Amino acid sequence: MQVSESDWAAHYAAVKQKTGLDLNQYKPNQLQRRIVSMAESKQHKSLSEFSSWALSSSENTAWFLDRLAINVSELFRNPEKWEELRLKVLPQLVKTSPRLKCWSAGCSYGAEAYTLAMILDRNFPGAHRIVGTDIDQAALAQAKEGRFNDSDVKGVPNEYRSQYLTKLDGEWRANRKLAAMLEFKTQNLLGDRFDSGFDLILCRNVVIYFTDEAKDLLYRRFFQALKPGGVLFVGSTERLGKAQETGYESIIPFFYRKPMIGNDTWRNAS
Ligand SMILES: C[S@@+](CC[C@H](N)C(=O)[O-])C[C@H]1O[C@@H](n2cnc3c(N)ncnc32)[C@H](O)[C@@H]1O
């Protein structure tokens, strides 16, 4: 399929108008390859034909958004980083905030948010809250149900698996106790308003498709959304280029902290 610059511009404008999502903030190569492949899978002959179809009903738009970004995930993805979170970061955070306010930004179908819920419940029990957000409605619907497949749970340590997961009709179901800590909602990280006062923000394997400008802005907005002393946890290939300039201190690779004013407990502890 041949697509001109003006066809892309028209499609991006139509998507922005219908969904609020600005596709100019994604790296064009991967994004456009993905959109062309979606159009071809639906046998559309031109981008404008596909664009009209994709935006003609909320069902079609949900289909489009579901395929726009890869939503691969799994429980305890990169287990060594979760161990660092458990052993080095969470003990510091619960010292100053016994009820943590956490955000899994770009949560897909919830594996990251459920992993955090299991770790908190088992090691730091308390009335913690975790919100998971994404643009993908289908993924969020699955997250709300706490359903996972065999591949999602393959890295779950045995003690967590036996305490929090049950196999039912070929699927793994998360223990309902975790649901009390979790909330899932739609949110576009590239446009929507952010809540604030977070102790911990996880944003992992989400920004890979974003332009450098979009990433820098997002990390600045996360900084504003964190409490002083709060921590941003990013994906294992996603170091922040402008961490110091933005105000973060890099505490452990892939964990960035908003410094506290005055009595800084992290520094006192280390
Ligand atoms: C690869 S998944 C990452 C899931 C999880 N964080 C992890 O590391 O396993 C990327 C997710 O980012 C979401 N995403 C992409 N663009 C987004 C945006 N502008 N706002 C919110 N979520 C977005 C996608 O829908 C997808 O579910």
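Keep in mind that what you see is a predicted model, and the values were worked out from it rather than measured.

Moving on to the site of the ligand. Around the ligand, the surrounding shell holds 22 residues, and the nearest of these are Y26, S73, R77, D134 and N205. Between the ligand and the protein, one listed contact pairs a nitrogen atom with a backbone N or O atom of G106 at 2.9 Å. Residue L189 places a main-chain N or O atom 2.9 Å away from a nitrogen atom belonging to the ligand. Protein contact buries 98% of the 600 Å² of open area that the ligand shows by itself. According to the grid-proximity analysis, the pocket containing the ligand is the largest pocket. Here the shell around the ligand is built from residues that sort into ten nonpolar, seven polar and five charged.

Tracing the sequence through the fold places S97 in the loop between α5 (79-96) and β1 (101-105). In this structure the side chain of S97 is engaged in a polar contact, spanning 3.1 Å, whose partner is the side chain of K227. Not counting residues up to four positions away in its chain, the partners in contact with S97 are D199 and K227.

Turning our eyes to something else, we now look at the sheet that holds strand β4 (residues 165-168). Spatial ordering of the open sheet is given by β3-β5-β4, a layout of three strands whose pairing is antiparallel. The strands lining the two open edges of the sheet, one partner per strand, are β3 (147-148) and β4.

Quick look at the nonpolar core now. L23, I35, F64, W103, F222, L232 and Y248 are the most contacted members of the largest nonpolar core, which totals 48 residues. Mapped by element, the contributors of at least two residues to this core are α1 (5-19), α2 (28-41), α3 (47-54), α4 (58-68), β1, β7 (198-203), α11 (212-225) and β8 (226-234). Take this core: its biggest share by element is six residues, from α11. Residues lining this core come from more than one domain, with at least three contributed by each of domain 1 (5-68) and domain 2 (79-269). Apart from residues no more than four positions distant in its own chain, Y248 is found in contact with Y219, F222, F223, L226, L232, L240, A243, Y256, R257 and K258. Judged by nonpolar contacts, the second largest core, of 42 residues, contains L120, F124, Y164 and L200.

Moving on to the pattern of salt bridges. Per the stated rule, a full pass over the model turns up 16 salt bridges. E84 is the salt-bridge partner of K81, the closest N and O atoms lying 2.5 Å from each other. Of this pair, K81 and E84 are both found in helix α5, three residues apart, which corresponds to roughly one turn of the helix. The class for E84 is partly exposed, based on a relative accessible area of 21%.

Between its first and last C-alpha atoms α2 spans 20 Å; for 14 residues at 1.5 Å apiece the expected length is 20 Å, and the two agree. Here α2 has its buried residues at L31, Q32, I35, V36, M38 and A39. Down the axis of α2, the buried set is contained in an arc of 160°. They therefore lie on one face. Away from its buried face, by an angle of more than 90 degrees, α2 presents the exposed residues N29 and R33. Where α2 is buried, its residues touch α1, α3 and α4. Two residues or fewer past α2, Q43 is found with a positive phi of approximately 60°.

On to the domain arrangement of the protein. When the parts of a complex come together, some accessible area is lost, and that lost area is often used as the size of the interface. By domain assignment, the protein separates into domain 1 (5-68) and domain 2 (79-269). The interface of domain 1 with domain 2 comprises eleven residues on the first partner and eleven residues on the second. Here domain 1 meets domain 2 over a buried area of about 1100 Å², counting both sides, of which 55% is carbon and sulfur. Of all residues in domain 1, the largest losses of buried area upon contact with domain 2 belong to Q25, Y26 and K27, amounting jointly to 50% of the total for that side. Viewed at the interface, domain 2 and domain 1 are joined by zero salt bridges. Applying the counting criterion to the domain 1 and domain 2 interface returns five residue pairs in polar contact (both at pLDDT 80 or more). Elements represented by at least two residues in the side of domain 1 that touches domain 2 include exactly α2 and α4. Its residues placed into classes, the side of domain 1 that touches domain 2 shows three nonpolar, four polar and four charged.

Thresholds applied
Residues numbered from 1 in each chain as written. Predicted model: local features only at pLDDT ≥ 70, side-chain atom pairs only at ≥ 80, totals over all residues. Heavy atoms only, no water. Near = heavy atom within 4 Å. Polar contact = N/O pair within 3.5 Å; in protein donor to acceptor, adjacent residues only side chain to side chain. Areas by Shrake-Rupley, 256 points an atom, 1.4 Å probe, with all protein chains shown as cover. 1 Å grid on protein atoms, 1.4 Å probe; cavity = no way out; pocket = protein on both sides within 12 Å on 5 of 7 lines; lining within 4 Å. Sits in = over half its atoms within 2 Å of the grid points. Nonpolar A, V, L, I, M, F, W, Y, C, P; charged D, E, K, R; others polar. Helix = DSSP H or I, 4+ residues; strand = E, 2+ residues; numbered from the N terminus. Contact = heavy atoms within 4.5 Å. Pairing = 2+ DSSP bridges. Core = buried A, V, L, I, M, F, W, Y, C linked by side-chain atoms within 4.5 Å. Buried < 20%, exposed > 50% of the residue type's maximum accessible area, 1.4 Å probe, protein only. Domains from an automatic or database assignment. Salt bridge = Lys/Arg side-chain N within 4 Å of Asp/Glu carboxyl O. Expected span 1.5 Å × (residues − 1). Arc of directions from axis to C-beta. Buried area = accessible area lost by both parts, 1.4 Å probe.

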